[in-house]
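Close look at the chain arrangement
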Amino acid sequence: MASKVKTIKLESQGLEVSVRGLGYMGMSAFYSPPKPEPNMINRIHHAINSDITFLTPLTFMSHLEMNS
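Going along each chain's sequence as written, the residues are numbered from 1 onward. Where local features are concerned, this predicted model is filtered to residues with pLDDT of at least 70; where side-chain atom pairs are given and counted, the filter is 80 or more; whole-chain, interface and lining totals use all residues. Only hydrogens and water are removed before side-chain values are computed, so all heavy atoms of the structure are retained for them.

Some words on the overall build of the protein
Spelled out, the test is: Only DSSP runs of H or I covering at least 4 residues are called helices, and only runs of E covering at least 2 are called strands; the numbering of each starts at the N terminus. Burial classes follow relative accessibility: with a 1.4 Å probe on protein chains only, a residue under 20% of its type's maximum area counts as buried, one over 50% as exposed, and anything between as partly exposed. The contact criterion used throughout is that any non-hydrogen atoms of two residues lie within 4.5 Å. To be clear on the numbers: accessible area is Shrake-Rupley with a 1.4 Å probe, and residue cover counts the displayed protein chains and nothing else.
Counting its secondary structure elements, the protein contains two helices and four strands. Each helix and strand of the protein, placed in order from N terminus to C terminus, yields the pattern β-β-β-α-β-α. Considering the protein as a whole, with its 68 residues, one finds that 15% of them fall into the buried category. A sequence separation of at least 24 residues applies to 53% of the contacts in the protein between residues at least 6 apart. Accessible surface computed for the protein: about 5700 Å², of which carbon and sulfur atoms make up 60%.

What about the environment of Val-17?
Within the fold, Val-17 resides in strand β2 (residues 15-18). On the accessibility criterion, Val-17 (6% relative accessible area) is buried. As for Val-17 and Thr-53, which are separated by 36 residues in sequence, their C-alpha atoms are 5.3 Å apart.

Concerning the side chain of Thr-56
Topologically, Thr-56 is positioned in strand β4 (residues 54-56). Ignoring anything within four residues of it in the chain, the contact list for Thr-56 reads Leu-22, Gly-23, Tyr-24 and Met-25.

These results come straight from atomic positions and should not be treated as a statement about function.
In structure tokens, the structure reads:
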């Protein structure tokens, strides 16, 4: 059985998201050659099924940025 992903609250709105996230900007054809759409959809579904609830267009976010 997989362990539950840790979560954090964002600011004062009380929205709670997973500490781990999925950056999806690299999935588009804007920064690199296009990836097969079914593969990218499967990757998003896998993240959600793994309790990843923080989806972001950023490709990289450091620990310091998450805590500032």
